[in-house]
Every structure is written in C-alpha cells, then in structure tokens.
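Notes for the structure review
The chain contents come next:
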Amino acid sequence: MAGSDNIGRAQDQLFAEGTSSRQKYADLVVGQSDLGSLIAYEAVVLIAQSLPGALGLVLRKLMYPWLLGSCGPGVVFGQNVVLRHPHKIHIGRNVVVDDNCLLDAKGQSNQGIRIGDGVFIGRNTILSCKNGDIELADGANLGFNCEVFSASRVAIGKSVLMAAYVYVVGGDHDFSDPSKPILDQPRTSAGVTIGAGAWLGAGAKILDGVTIGAHAVVGAGAVVKDDVPDNAVAVGIPARVVSTRTL
C-alpha cells in the first residue's frame, strides 16, 4: 500500500514561500491552523512539558488531555514528552508515557496514533507517523529507545513485548531511478503487523511489509525482512526461523 508520497520533507514545509512562520509551525507541530489550538498547545508546552517532579506529573496529567483527541483516566506523562498533531492521538486507560518520548501523529489524511489500555512506552521512545497510522493494542510494552515509524499502518498487538532499541520500520524509499537522489524519490509503505504476545529482543529491526505472528519470538539484534509465523523463534541477519514454540 502506498504511504506518504504526498508528505513533503520537513525542510520543504519550513522554507515554503508565501506561508507565514506561524502557519508553518502550526502545520508541522500543532496540526491545526486556528489560533486557539496554537495558543492551547503553547500554553501546555510552556507550563507543563518540562516541569520536573510531582508538580510536573500532576500538571501534565491535567493539561495534556486538553490537546489530545481522547485520553482515558490514569495516564502518566513523563517529563519532556513531545506531542505533534496531538488531536490525532488517542490514549486509553492506565497508560505510562515515560520521559523524553515523542508521539508524532503528523499527516494530512491519516488517523494518527491509537494507544490501548495498560500500555507502557519507555523512555526516549519515538512513535512517528508520516501520514501513516500506529496502533498499540492493550498491554503492549515498548522498552527504552525504541522507534516505531509508519508511512501507512503499523499495528502492534496485545501484550507485545519490545525490548530496548527495537526499530519497527513501516515504510521505505523507492530507489529505482539512479539519476535522482533517493531523498527525491517517492516513499513506499506496505506496513507492519506484530501479533499478540510476540516478543522482540533488544535491538531487533522489523522491516516494512513484515508480519510477525502471534506469540513469536525475534532474537536480539535480528533484522527481519520476511514474515515470521505464529509461535516461531527467529534469529539472525537476515532473521530465519530456528524453532517453534509448543505447549
């Protein structure tokens, strides 16, 4: 499925002629062009985003939902959690978003980011949309310094465990024309699906178009470019199935 071919590079948007600085900022960060949305976003960032300690936690718990598409009770936002296009971010109940995370739902026609109940998102983790969608089902646990990128759709199932530094790449670049820089060629995306109960070891890389089956295990440092069946154990570069988990 095609991904974000129609999404320009950030520098193209930042330096576009005939657009005010306020409009460029609103398009890239806030995602809504009205002045009220911009003022609300800036107020939340100024007052709560970087505030340390218990007071910061309380203010973010109170104020971040003002910007979000929806937010359930019991959600904890750590220090310096950054939201982009927050009206397209929907968060369930009892979720933890640890310090320095980025939730970026940027896009012109996408649904954005949906996070289920009981999800944990570890410190420094990035959820990045380029006109794509990201879904984290109930109970998913993302370790520190992970990145989930989507130019179409990335779906992470219930109770999936992702160890630190896992990279899920729901998009790619077309490089078929050698006369053009790859940066100037279209982005492609088939999306990624990770089944319920799967475990991705530290530093694993899941490439575009891959489906990881339910309760599968991907070894630390593996690079997965082909589908992994349910209950399989896959390791290596490129990853290959070495065993199957059985009852």
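Since we're looking at a predicted model, the values are computed, not measured.

Another aspect to go through is the overall build of the protein. The secondary structure content of the protein amounts to four helices and 25 strands. Taken against the 2.2 N^0.38 rule, which gives 18 Å for 247 residues, the C-alpha radius of gyration of the protein at 19 Å falls within 12% of a compact globule. For the protein, the spread of C-alpha atoms along the principal axes amounts to about 55 × 50 × 25 Å. Within the protein, buried positions represent 44% of all 247 residues. If you take every contact in the protein between residues at least 6 apart in sequence, the share linking residues at least 24 apart comes to 26%. Of the roughly 11,600 Å² of accessible surface on the protein, 57% is carried by carbon and sulfur atoms. Charge separation in the protein, taken as the distance between the mean sites of 20 positive and 22 negative side-chain charges, equals 5 Å.

Before going further, it helps to examine the sheet that holds strand 12 (residues 147-150). Two pairing modes exist for strands in a sheet, parallel and antiparallel, and in both the strands are linked by backbone hydrogen bonds. Spatial strand order, 3-6-9-12-15-20-23: seven strands in an open sheet with parallel pairing. Edge positions in the open sheet fall to strand 3 (82-84) and strand 23 (223-224), since each of these has one partner strand only. Examined bridge by bridge, strand 15 (residues 167-170) and strand 20 (residues 205-206) share two bridges and lie parallel to one another. Paired with Tyr167 across the bridge in strand 20 is Lys205.

This paragraph deals with helix 4 (residues 53-67). The periodicity of an α-helix, 3.6 residues per turn, causes residues three or four places apart in sequence to face the same way. For helix 4, which comprises 15 residues, the first-to-last C-alpha distance of 22 Å matches the rise-based estimate of 21 Å (1.5 Å per residue) to within 8%. Taken as a whole, helix 4 carries its principal kink of about 30° at Arg60. Those residues of helix 4 that sit buried are Gly56, Leu59, Arg60, Met63, Tyr64 and Leu67. Buried residues in helix 4 make contact with helix 3 (35-49), strand 2 (76-77) and strand 3.

This next bit is on the pairing of strand 13 (residues 153-156). If a strand is regular, its side chains alternate between the two faces of the sheet. When strand 10 (residues 133-136) meets strand 13, the two strands line up parallel, connected through four bridges. Residue Asp133 lies in a different strand from strand 13, and its bridge partner there is Arg153. Note: strand 13 against strand 18 (residues 192-194), three bridges, orientation parallel. The partner of Ala155 across the bridge, within strand 18, is Thr193.

Bringing the packing of helix 2 (residues 21-30) against helix 3 into the picture now. Taken N-terminus to C-terminus, the directions of helix 2 and helix 3 make an angle of 65°; their axes are 11 Å apart at the nearest point. Comparing the axis directions of helix 2 and helix 3 gives the class roughly perpendicular. The way helix 2 lies across helix 3 gives a crossing that is left-handed. In this structure, helix 2 uses Arg22, Tyr25, Val29 and Val30 to contact helix 3, whose residues at the interface are Leu35, Ser37, Leu38, Tyr41 and Glu42. A per-class count over the contact of helix 2 with helix 3 returns six nonpolar, one polar and two charged.

Taking 1.5 Å per residue as the helical rise, helix 3 with its 15 residues ought to reach 21 Å, and the 20 Å between its terminal C-alpha atoms agrees with that figure. Buried residues in helix 3 make contact with helix 2, helix 4 and strand 3.

Bringing the environment of Phe149 into the picture now. Residue position: Phe149 is located in strand 12. Separated by 76 residues in sequence, Phe149 and Lys225 place their C-alpha atoms 15 Å apart.

Each aromatic ring pair is specified by the distance between its two centres and by the angle formed by the two planes. Inspection of the entire model under this criterion finds one aromatic pair. Plain terms: the ring middles of Tyr64 and Phe77 are 4.8 Å apart, the flat faces sit at 45° to each other, and that makes the pair tilted. One end of the pair, Tyr64, is in helix 4; the other, Phe77, is in strand 2, with 13 residues separating them in the sequence. For Tyr64, a relative accessible area of 2% gives the class buried.

Each value, and the rule that gives it
Residues numbered from 1 in each chain as written. Predicted model: local features only at pLDDT ≥ 70, side-chain atom pairs only at ≥ 80, totals over all residues. Heavy atoms only, no water. Helix = DSSP H or I, 4+ residues; strand = E, 2+ residues; numbered from the N terminus. Rg over C-alpha atoms; globule rule 2.2 N^0.38 Å. Buried < 20%, exposed > 50% of the residue type's maximum accessible area, 1.4 Å probe, protein only. Contact = heavy atoms within 4.5 Å. Areas by Shrake-Rupley, 256 points an atom, 1.4 Å probe, with all protein chains shown as cover. Lys, Arg positive; Asp, Glu negative; His and termini not counted. Charge placed at Lys NZ, Arg CZ, Asp CG, Glu CD. Pairing = 2+ DSSP bridges. Expected span 1.5 Å × (residues − 1). Bend = angle between axes of the 7 residues up to and from the residue. Axes fitted to C-alpha atoms, helices over the stretch in contact; angles between N-to-C directions. Parallel < 35°, antiparallel > 145°, perpendicular 65-115°, else oblique. Left-handed = near helix turned anticlockwise from the far one by under 90°. Nonpolar A, V, L, I, M, F, W, Y, C, P; charged D, E, K, R; others polar. Phe/Tyr/Trp six-rings, centres within 6.5 Å; stacked < 30°, edge-to-face > 60°.

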